[in-house]
Every structure is written in C-alpha cells, then in structure tokens.
Amino acid sequence: RFLARYLDSSMNTTSFIVGFVLAASILVVIVMTLQYVVIPWHDKRLRMAAEGTAADRAEQSALELASVLAAFAMLPRRAVTEHETAAECPICMSGYQESEQIVTLACAHSVHVGCMEQWISKDSRRGGACVICQQPLVTLSANGASPSAAPSQIALPPPPPHPGL
C-alpha cells in the first residue's frame, strides 16, 4: 500500500525500476569488492602474522632446547656401581648395568645419559624437566631472557645406596 501511494505521488513505475536496478547494482559491486578484494587481503595479512608468530615460536623453542642441553651437559655423570644394578632407568625402564654412564639430576634422580639426551631432544615441552618429579633442569633468570642452570646443580651429593642391598 505504501509503495503504491509512493509511486502514484512522486514518480512513475519506470523511474522506480531504474532506481531499484541501480541500487541493486551498487549493492552487488560492494559485495563483490568485499568478497574478492577486502576479505582476501585481510586473510593474507592474518596468514602472514601467523607465520611470523610460528617462526618466532620455533626460534624461541630452539633457544630453549639449546639452554636445556647446555644445562644437561653440566650435570655430573658417573658409572653405575655394583649396589645400583637393581635400580632401573625411569625412561627406558631397563635395569642399570655395572659401569654404564648415568647422570644425576638436580633433584637427585638418576637416568641413563643417552636416555635423558633423547628425552630432552624429543619434545621441548617436556624435555627440560626430570622424568619423575618434573623439576626443571633450567631456571629462567629474573628478566626471563636468558635461562641459567639451576643453583642446585653445582654440587650434588652422591645418591644413597639402593635399599635392600
């Protein structure tokens, strides 16, 4: 009803159709511009930002892995003694053999040197911590920029003899 009254009072049907087609055409141009220009440009920017972030994370992860490996290299290593042969490595779950090389972590847990190296290198999210108690091998400094070896790694007492032997 309103449309009919509007058409009768101000313009004829032809001019209404021309105006409608013109408005629809403008709307189509706007939608196509959004679809083919604006949205792809925005998606490209988001992808570029995500790739930059992934590269930054990879670089940070590599630095953390290097710090953990450096701290691990400073830990005391020793040969398995005869009274420790009943114990087993918590990573590979095999018993220690006499004269095998083991490393004593800051928390006093011991593991095979090779097992711990693989554990550290395998997954950077878990590699910087003890397999048993999750105590980190590396602590971050106050500013968070450079990791350093945990203070308890400087001098460790020898582990107690295995109970029952």
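Parameters and conventions
In this numbering scheme, every chain counts its residues from 1 along its sequence in written order. In keeping with the model being predicted, local features are shown solely for residues with a pLDDT of at least 70 and side-chain atom pairs are shown and tallied solely at 80 or more, while totals for entire chains, interfaces and linings include all residues. The side-chain values count all of the structure's non-hydrogen atoms but skip hydrogen atoms and water molecules. Each helix is a run of DSSP H or I of at least 4 residues and each strand a run of E of at least 2, with the numbering of both proceeding from the N terminus. Two residues form a contact once any of their heavy atoms are found within 4.5 Å. Values of accessible area rely on a 1.4 Å probe in the Shrake-Rupley scheme; residue burial ignores everything except the protein chains shown. Note on pairing: two strands pair once DSSP finds at least 2 bridges between them. In this description, a line fitted to the C-alpha atoms serves as the axis of each element, helices being fitted only across the stretch in contact, and the angle between N-to-C directions of two axes falls anywhere from 0 to 180 degrees.

Within the protein chain, the regular secondary structure consists of three helices and five strands. Starting at the N terminus and ending at the C terminus, the protein chain contains elements arranged as α-α-β-β-β-α-β-β. The long-range share in the protein chain, meaning contacts at least 24 apart out of those at least 6 apart in sequence, stands at 43%. Total accessible area on the protein chain is roughly 11,500 Å²; 64% of this is exposed by carbon and sulfur atoms.

Structurally, the position occupied by C89 is in the loop between β1 (77–79) and β2 (101–104). The residues contacting C89, other than those within four sequence positions of it, are S94, Y96, V111, H112 and C115.

So, about the environment of C133. Residue position: C133 is located in the loop between α3 (113–122) and β4 (138–140). Residues within four places of C133 in sequence aside, it is in contact with C107 and H109.

Looking now at the pairing of β2. Bridge count for β1 against β2 is three bridges, and the pairing is antiparallel. If you follow R78 over to β2, its bridge partner there is I102. In the sheet, β2 pairs with strand β3 (residues 110–112) via three bridges, with the strands oriented antiparallel. For V103, the partnering residue across the bridge sits in β3 and is V111. Turn length for the β2-β3 hairpin, with the two strands adjacent in sequence and antiparallel, is five residues, and the turn residue A108 shows positive phi of about 80 degrees.

A word on the sheet that holds β1. Across the sheet, three strands lie side by side as β1-β2-β3; this open sheet has antiparallel pairing. Two strands lie at the open edges of the sheet, namely β1 and β3, each paired on one side alone. If you compare each strand with its neighbour and ignore which way they point, the axes differ by 40 degrees on average. Across the face of the sheet, α3 comes into contact with β1, β2 and β3 while running at roughly 90 degrees to β3.

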